[in-house]
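Fold and contact review
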Amino acid sequence: MSARLRTVVFPVAGLGTRFLPATKVVPKELLPIMDRPLIQWAADEAIAAGADTLVFVVNRNKRAINDHFDMAFELESRLASSGKTEHLKMVRETLPAHVRPVFVLQPEARGLGHAVLCARPAVANGPFGVILPDDFILNRNGPGALAQMAAVQAEHGGSVIAVEPVEWKDTSRYGIVSGSQVNRQLMRIDTIVEKPRPDVAPSNLGVVGRYVLDHHIFDLLERTNPGAGGEIQLTDAIAALLKEQPAYAYRFDGVRYDCGNKLGYVQATLRCALDDEEIGDELRRTLENWLAPSVA
Ligand code: UTP
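Below or above, wherever it landed, is the structure these notes cover. (Residues numbered from 1 in each chain as written. Predicted model: local features only at pLDDT ≥ 70, side-chain atom pairs only at ≥ 80, totals over all residues. Heavy atoms only, no water.)

Attention now moves to the site of the ligand. By nearness alone, 17 residues border the ligand, and Leu15, Thr17, Arg18, Gln106 and Gly111 come closest of all. Measuring from an oxygen atom of the ligand, one finds a backbone N or O atom of Ala13 at 2.9 Å. Here Arg18 contributes a backbone N or O atom positioned 2.7 Å from an oxygen atom of the ligand. Protein contacts shield 81% of the accessible area of the ligand, which totals 570 Å² for the unbound molecule. Residue classes in the shell around the ligand are distributed as 7 nonpolar, 5 polar and 5 charged. (Near = heavy atom within 4 Å. Polar contact = N/O pair within 3.5 Å; in protein donor to acceptor, adjacent residues only side chain to side chain. Areas by Shrake-Rupley, 256 points an atom, 1.4 Å probe, with all protein chains shown as cover. Nonpolar A, V, L, I, M, F, W, Y, C, P; charged D, E, K, R; others polar.)

What follows is about the pairing of strand β7 (residues 135-138). What you see with β7 is no split at all: Asp135 and Ile137 on one side and Phe136 and Leu138 on the other are buried throughout. Direction of pairing for β7 relative to strand β13 (residues 255-258): antiparallel, over a ladder of 4 bridges. Bridging from a neighbouring strand, Leu138 pairs with Val255 of β13. (Buried < 20%, exposed > 50% of the residue type's maximum accessible area, 1.4 Å probe, protein only. Helix = DSSP H or I, 4+ residues; strand = E, 2+ residues; numbered from the N terminus. Pairing = 2+ DSSP bridges.)

In terms of nonpolar packing, the biggest core is built from 37 residues, with Phe128, Val177, Ile217 and Leu221 touching the most fellow members. Take this core: its biggest share by element is 5 residues, from helix α8 (residues 234-242). Sequence-distant contacts of Val177, that is, excluding residues within four places in its chain, are made with Val163, Met187, Ile189, Thr191, Ile192, Ser203, Leu205, Val207 and Ala249. In terms of nonpolar packing, the next biggest core, distinct from the first, is built from 35 residues, Phe56, Ile137, Ala150 and Tyr250 among them. (Core = buried A, V, L, I, M, F, W, Y, C linked by side-chain atoms within 4.5 Å. Contact = heavy atoms within 4.5 Å.)

Overall, the coordinates contain 7 aromatic pairs when judged by the stated rule. On the numbers, 5.4 Å between centres and 70 degrees between planes, the contact of Phe19 with Tyr265 is edge-to-face. Of this pair, Phe19 sits in the loop between β1 (7-11) and β2 (32-33) while Tyr265 is found in helix α9 (residues 262-275), placing the two residues 246 residues apart along the sequence. No difference in accessibility class separates Phe19 from Tyr265, as the two residues are buried. Here Phe136 and Tyr257 contribute two aromatic rings whose centre-to-centre distance is 6.2 Å and whose plane-to-plane angle is 45 degrees, an arrangement assigned as tilted. Pair noted here: Phe136 is in strand β7 and Tyr257 is in strand β13, with a separation of 121 residues, a long-range link. The buried category is assigned to Phe136, whose relative accessible area is 3%. Look at Tyr257 and you get buried, because its relative accessible area is 11%. The cationic tip of Arg36 hangs over the ring face of Trp41; the distance from NZ or CZ to the ring centre is 3.9 Å. In this structure, Arg251 is placed above the aromatic ring of Phe252, and the distance from its NZ or CZ to the ring centre is 4.8 Å. (Phe/Tyr/Trp six-rings, centres within 6.5 Å; stacked < 30°, edge-to-face > 60°. Lys NZ or Arg CZ within 6 Å of the ring centre and 35° of its normal.)

Moving on: unusual backbone geometry. The amide bond that connects Leu20 to the next residue, Pro21, takes the cis arrangement and shows omega of 5 degrees. Turning to its location among the elements, Pro21 is positioned in the loop between β1 and β2. Positive phi, close to 60 degrees, is recorded for Met34, a residue that is not glycine. Mapping Met34 onto the fold places it in the loop between β2 and β3 (36-37).

What is shown is where atoms sit, not what they do.
Structure representation (structure tokens):
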């Protein structure tokens, strides 16, 4: 079986309230980690997992995401005429030629499950990927999280959901899974619940923003009623899927930064900046200076 995921969906039609006022005009997904917006990191991860169709679920305030992947005619001709070939390459290569972006509207923010359902007309049969770009995952020594999950899906079938242990006090911020261990990194899921309180959570394994889902999830999303917060929850459709076919929780290799909140966003930025050839060493010296106990 091939470990390639042809289609990856990016649900990016949320409101981004935790980053206001920065996200009043600029979509959260265009906030940069170093010199690349979150959505570009996510697109690159999808392409590395084999995707040639990227489906962006947007709303009317997220048109800039469309523009990011579009041709920037005036900018490109200026860079070309001034001989700035390096910059021109950067602007042109937001997507390689074989990759097709598709933009789908979610007219109203009715939840993550509803956003994924909106992508249905653009998703080919077979398993497909979902990336939430604000869950930024770096695996510096190997394949990206979604490529790892595509390989797991090719081996085991069914659906694969990325998880990591979260603080018990934080279970009510995540979808939480429990089940039976297949190997060190893989568990067959028995139960998935959305945002349980710590005293009723079945484990502290939290779902993070990467999924490889069987196409049948769309039929189940069609039948999913609004759940927690009046939104159509992807977790509820996955709970229904579990009754019909296997789904696995996968503890990926790599580090996740929750860039939907300020601390995670700053940590991701610092990590990438410290790794950067051009500025990393100087930044390290600056941080050491700032953090050194001052001599009296
Ligand atoms: P979040 O819960 O992080 O919400 O959504 P948000 O709107 O992005 O950010 P806050 O909490 O208001 O600050 C998780 C993912 O689901 C998408 C979001 O864009 C994000 O990628 N989403 C959520 C939709 O596409 N549509 C929705 O109706 C809800």
